[in-house]
Amino acid sequence: MAHFDPNARPFSHKWMNERLAVDTLQKVLSTEYWIPKNINFLWAMGMILAATFGILLISGIFLLMYYIPDTKQAFDSVNYTVMSEVGYGWLWRHMHGVAASVVFLIIYIHMFTGIYYGSYKKGREMIWLSGMLLFVTFSAEAFSGYMLPWGQMSYWAGMVITNLFSLGSLDFQGLVEWIRGDYVPGQAFLNRFFMLHVLLMPLIIMALIVLHFGTLRIPHVNNQDGEEIDFDAEAQKWKAGLRKESKVIPFNPVFLSKDVFVMSIYFIIYFYLVFYHFEFAMDPVNFDPANPLKTPPHIYPEWYFLWSYEILRPFPKDPGLVAFGFAQVIFFLLPFLDRSPNVAPASRRKPFRCWFWILLVDMIVLTIMGKVPPVGVYTTIGTVAAWVFILLWVTLPIVTKLEKPVRRSK
Amino acid sequence: MKDLKKLGIVVFFTLLVYIGVEPYAHSVMHKHVEGHNFKYPDLKPIAAKGNPETGKALAAACMGCHSIKSQGVPAPMDPVSASGAYGVNPPDLSLIGALLDEKYLAHFLKDPVHTAIVAHKFKDRAYPMPPMATDDQSAADLVAYFKSIAPKEVKPKEAYEFACGRCHEMRYAKWTQIGEVPKTKKNIQTGADLAKLKFNEKLAEYKGNMVKYLGKLPPDLSIIVRARSEEFLETFVEDPQSQLPGTGMPRVGLSKEGYEKVFAYLEEVGDPSKPKREKVGPIVLLYMVVFAFLAYLWYKHQWKDLH
Ligand code: HEM
């Protein structure tokens with residue numbers, strides 16, 4: 001039975017502790033949440049993502065105060081009202097746009113860090129899977145947000161992407177119309193994507209971030225050598241004052257101090273982009289208002305979708321859709337396709353090392369080919385890169401099976 | 001050290017992606033057009049020296065269609081009737097000496113259709129402005145006259161209104177092809193704003209005439225500076241056919257300085273936060289640098305006895 005001291009001053013430490021166990025909470029969540037000492041700045045990407053999501057949320061709330069989800073007014077509500085009438089509206093908009101773009105850069109760095117250090121297996125599968133769910137929901141969030149200014153690219157990207165749901169030769173026109181709520185993107189379409197962008201997707205993302213953090217709790221984060229650490233024993237050492245000998249550090253304040261430092265460097269770059277180089281995040285084509293009668297000469301998605309778009313593009317309709325579907329789900333399967341027992345940096349896992357770098361370069365090639373028009377040599381490069389992508393994943397179980405157990409240094 | 005090497009790898013691949021999807025992809029998607037710095041090399045230089053006095057007399061012929069407000073010459077018609085008669089409202093001529101290229105203007109007065117490069121649109125109808133100068137001398141006289149009445153300073157807004165304003169709306173600056181949107185009030189009892197309705201009706205009529213004339217409604221230019229690159233705008237205005245072959249937009253014939261004025265206005269309306277960005281940016285960055293420095297000290301303090 002809980003004990004409540006009748007003399008405790010309301011909101012005093014004791015009073016709060018009796019009611020909310022604040023001491024325990026603080027230990028569990030921060031001062032005794034143990035992090036390996038042997039990690040580098042790439043492990044700060046997670047907190048950077050959380051902070052960037054915070055920026056998106058706050059700047060988004062400010063934009064929401066003036067945005068009008070009406071096909072006739074949406075364009076001017078952002079491009080005129082927010083940009084020239086609202087004090088510092090331009091700042092919120094540029095912060096939101098740049099954050100939406102760089103968040104994907106950080107997600108990709110975060111993912112490839114996880115792949116490089118093998119942080120998705122041996123107890124960390126759920127971290128990976130919840131992370132992938134975050135990737136998918138972030139993608140949906142970004143796509144729905146892109147519809148809102150109702151510019152040329154909003155309209156035509158919306159048209160092209162929803163068309164995919166006709167599922168090629170199955171010709172499910174009915175499904176496409178059901179999603180759009182009309183024959184073509186229009187008011188119903190805009191309202192739906194508005195709801196998704198400002199309510200449903202953020203809610204799901206917030207829940208998933210909590211889940212993602214939760215999945216980290218038991219396996220703990222990995223480290224630069226993939227070493228299996230006895231966290232309880234090492235924590236005891238730390239508590240006994242053996243700061244040098246212990247292999248772990250508490251999240252707060254020791255690891256946090258490094259996180260905050262890395263984050264501050266990131267914010268310098270981020271704000272540089274916000275003030276002096278935001279064009280890359282806001283496509284010029286979307287500053288022409290939506291015009292159903294005029295197809296833009298080049299339709300392409302934002303940069304972070306280009307690699308999967310390019311897997312769709314070089315193939316005929318149906319195989320292209322299958323390949324696209326493959327690309328969307330295959331990263332989920334990574335922990336199960338990797339048959340090697342090693343948790344170690346890719347540099348020490350012989351065949352997998354090549355696999356990793358080929359995958360990275362291939363996805364960059366796909367990204368660039370996804371943007372240039374599909375003509376001539378670009379089509380050839382794109383097709384080859386798409387095949388390489390598929391083959392990489394098909395061969396992953398074999399590549400990892402061939403791997404010898406890694407002997408630990410030290 | 002090891003961290004720096006890893007950072008180097010991350011930066012390298014990030015830049016590779018950036019260069020690939022931005023500068024490189026755009027250079028492939030958009031054809032490159034060589035600009036001529038508003039020198040109009042296709043037009044032959046005019047050797048004749050103009051006399052403003054003779055020009056002044058010749059300019060009387062312009063007043064049947066154009067206003068010259070700085071000289072107290074009013075427009076013979078209101079914009080809507082003018083668009084009915086000619087397709088668009090002939091622009092006021094007060095500023096042409098200051099904004100247009102001399103050589104261009106002389107050629108335009110001799111042969112408007114070909115100089116504006118719109119002959120392909122006027123195969124079976126006459127260009128509304130007839131040739132006004134029969135030889136180089138009278139063209140040069142007219143140019144000399146318009147230069148003599150040109151003001152020293154032209155405001156960016158005036159430059160836009162003269163050069164683009166008869167065809168292009170700019171709703172974020174409340175500009176329409178028939179002038180600024182007037183301030184009107186609605187009747188409190190009925191909720192109707194008759195003056196505004198009448199204005200919109202006139203505007204719709206003007207646009208109707210203009211579409212018949214140009215074949216297309218020219219786009220609103222409010223945020224064209226964000227929708228097109230600077231390079232595109234410059235080469236397009238210098239010669240619309242170079243970027244959009246067959247387009248109905250005429251070559252306007254601005255001089256380099258004239259274009260800079262027009263562009264300044266496009267930027268002022270289309271990217272109004274530029275001055276503010278330049279002011280706030282350094283402050284925010286400085287703040288972040290100080291923050292990073294303090295964070296570094298904290299980090300060093302926390303990690304000093306860990307290894
Ligand atoms: C977009 C929102 C996301 C947020 C806010 C987020 C946040 C975090 C945080 C704070 C950590 C712990 C610190 C670190 O290792 O960086 C972490 C770890 C991790 N995340 Fe994410 N993450 C996100 C997305 C993803 C995605 C898309 C994936 C990949 C599918 C992913 C996979 C992982 C993995 C594997 C770890 C463990 C790293 C290790 O053990 O070394 N996360 N995440």
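J.: Looking at this structure, how should I read the coordination of the iron atom of the ligand?
T.: Note on metal sites: the ideal angle is 109.5 degrees for four tetrahedral donors, and 90 or 180 degrees for six octahedral donors. Residues and elements named next belong to chain A. For the iron atom of the ligand, the full set of protein donor atoms is His110 (NE2) and His212 (NE2), at a range of 2.0 to 2.1 Å. Coordination at the iron atom of the ligand comes from six donor atoms whose angles at the metal span 82 to 178 degrees, giving a geometry best classed as octahedral. Of this pair, histidine 110 sits in helix α5 (residues 89-117) while histidine 212 sits in helix α9 (residues 187-217), and the two are 102 residues apart along the sequence. With relative accessibility at 30%, the residue histidine 110 sits in the partly exposed group. The buried category is assigned to histidine 212, whose relative accessible area is 12%.

J.: Would you mind showing me how to read the domain arrangement of chain B here?
T.: When the parts come together, some accessible area is lost, and that loss is often what is quoted as the size of the interface. Assigned domains of chain B: these are domain 1 (31-272) and domain 2 (275-307). Between domain 1 of chain B and domain 2 of chain B, the C-alpha centre-to-centre distance is 52 Å.

J.: Quick question: what am I supposed to make of the interface of chain A and chain B here?
T.: Listed by partner, the interface residues are 58 residues for chain A and 47 residues for chain B. Between chain A and chain B the total buried area reaches about 5,100 Å² when both faces are included, carbon and sulfur atoms providing 72% of it. Seen at the junction of chain A and chain B, the total is four salt bridges. A total of 16 residues in the side of chain A that touches chain B trace back to one element, the largest contributor, which is helix α11 (residues 251-276) of chain A. Its residues assigned to classes, the side of chain A that touches chain B comprises 41 nonpolar, ten polar and seven charged.

J.: Help me understand the environment of B:Tyr127, please; the structure alone is not making it clear to me.
T.: All names here are of chain B. As for its placement among the helices and strands, tyrosine 127 is situated in the loop between α6 (112-115) and α7 (136-148). Through-space distance from the C-alpha of tyrosine 127 to that of tyrosine 104 is 17 Å; in sequence the pair is 23 residues apart. With near-sequence residues (within four places) excluded, tyrosine 127 lies in contact with Phe108, Pro112, Val113, Val118, Phe122 and Tyr213.

J.: Looking at this structure, I do not really get the nonpolar core. What am I missing?
T.: For soluble globular proteins, nonpolar side chains are generally found buried alongside one another. In terms of nonpolar packing, the biggest core is built from 204 residues, with A:Ile115, A:Tyr270, A:Phe271, A:Phe331, A:Phe389, A:Trp393 and B:Phe146 touching the most fellow members. Per element, the largest residue contribution to this core is 17 residues, and it comes from α5(A). The residues touching A:Tyr270, leaving out its near neighbours within four places in the chain, are A:Ile55, A:Met95, A:Val98, A:Ala99 and A:Val102. Counting residues in each nonpolar core, the second largest holds five residues, with A:Leu164, A:Tyr309, A:Leu312 and A:Phe324 among its members.

J.: What's the story with the packing of α5(A) against helix α6 (residues 125-147) of chain A in this structure? I'm lost.
T.: For any two helices packed against each other, the geometry comes down to the angle between their axes and how far apart the axes lie. Residue and element names in this part refer to chain A. Two elements in contact, α5 and α6, have axes whose closest approach is 12 Å; the angle formed by their N-to-C orientations is 160 degrees. Looking at the two axes, α5 sits roughly antiparallel to α6. Judged by the sense of rotation from one axis to the other, the crossing of α5 with α6 is left-handed. The segment α5 lies against α6, with Val103, Phe104, Ile107, Tyr108, Met111 and Ile115 engaging Trp128, Met132, Phe135, Phe138, Ser139 and Ala142. Taken together, the residues of the contact of α5 with α6 break down into eleven nonpolar, one polar and no charged.

Rules used in this analysis
Residues numbered from 1 in each chain as written. Chains lettered and ligands numbered in written order. Predicted model: local features only at pLDDT ≥ 70, side-chain atom pairs only at ≥ 80, totals over all residues. Heavy atoms only, no water. Donors = N, O, S within 2.8 Å, 3.2 Å for Na, K, Ca; no water. Tetrahedral: all angles 85-135°; square planar, octahedral: opposite > 155°, others 65-115°. Helix = DSSP H or I, 4+ residues; strand = E, 2+ residues; numbered from the N terminus. Buried < 20%, exposed > 50% of the residue type's maximum accessible area, 1.4 Å probe, protein only. Domains from an automatic or database assignment. Contact = heavy atoms within 4.5 Å. Buried area = accessible area lost by both parts, 1.4 Å probe. Salt bridge = Lys/Arg side-chain N within 4 Å of Asp/Glu carboxyl O. Nonpolar A, V, L, I, M, F, W, Y, C, P; charged D, E, K, R; others polar. Core = buried A, V, L, I, M, F, W, Y, C linked by side-chain atoms within 4.5 Å. Axes fitted to C-alpha atoms, helices over the stretch in contact; angles between N-to-C directions. Parallel < 35°, antiparallel > 145°, perpendicular 65-115°, else oblique. Left-handed = near helix turned anticlockwise from the far one by under 90°.

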